Amino acid sequence: MFEGMGLGGCILQAEYKFIKKAAMAFFFSVTTPFGIALGIALSTMYRDDSPRALITVGLLNACSAGLLIYMALVDLLAADFMGPKLQGNIRLQIKSYAAVLLGAGGMSLMAKWA
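Residues numbered from 1 in each chain as written. Predicted model: local features only at pLDDT ≥ 70, side-chain atom pairs only at ≥ 80, totals over all residues. Heavy atoms only, no water.

Enquirer: Any details on the overall build of the chain? Residues and values, ideally.
Expert: Of regular secondary structure, the chain possesses five helices and zero strands. For the chain, the α and β elements follow one another from N to C terminus as α-α-α-α-α. By the compact-globule yardstick of 13 Å for 114 residues, the chain is too spread out, its C-alpha radius of gyration being 19 Å. Across the 114 residues of the chain, 8% fall into the buried class. When the accessible surface of the chain is summed, it comes to about 9900 Å², and 73% of that surface belongs to carbon and sulfur atoms. For the chain, the distance from the average position of its 9 positive side-chain charges to the average position of its 6 negative side-chain charges is 7 Å. (Helix = DSSP H or I, 4+ residues; strand = E, 2+ residues; numbered from the N terminus. Rg over C-alpha atoms; globule rule 2.2 N^0.38 Å. Buried < 20%, exposed > 50% of the residue type's maximum accessible area, 1.4 Å probe, protein only. Areas by Shrake-Rupley, 256 points an atom, 1.4 Å probe, with all protein chains shown as cover. Lys, Arg positive; Asp, Glu negative; His and termini not counted. Charge placed at Lys NZ, Arg CZ, Asp CG, Glu CD.)

Enquirer: Give me the lowdown on the pattern of salt bridges, citing residues and values where you can.
Expert: Overall, the coordinates contain one salt bridge when judged by the stated rule. Among the ionic pairs, aspartate 49 bridges to arginine 47, the shortest N-O distance being 3.9 Å. With relative accessibility at 53%, the residue arginine 47 sits in the exposed group. (Salt bridge = Lys/Arg side-chain N within 4 Å of Asp/Glu carboxyl O.)

See the structure below:
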């Protein structure tokens with residue numbers, strides 16, 4: 001849900017013409033129902049304990065995690081950490097770095113039980 005809200009906000013803020021924004025919104029809104037239909041169609045021949053399925057799920061999860069980490073570090077954190085407010089205050093930088101490390105550590109700890 002939050003990724004959809006973020007992507008929708010980015011599409012609206014982009015400096016594209018209306019037709020390009022409409023096409024992006026259309027394809028974004030069509031991909032989930034298409035994926036559901038594809039999953040239903042393939043559910044009869046899918047065996048979740050086969051080696052091929054395990055490798056495929058592992059690769060897709062790794063790609064998804066890599067994209068989310070890239071988005072978090074490059075698009076979100078870089079904009080905040082390179083801003084003038086943070087660059088001018090060393091104490092705020094230290095607190096921000098500590099908060100990021102604590103958040104990453106907390107997420108890693110929660111991932112142990114996921």
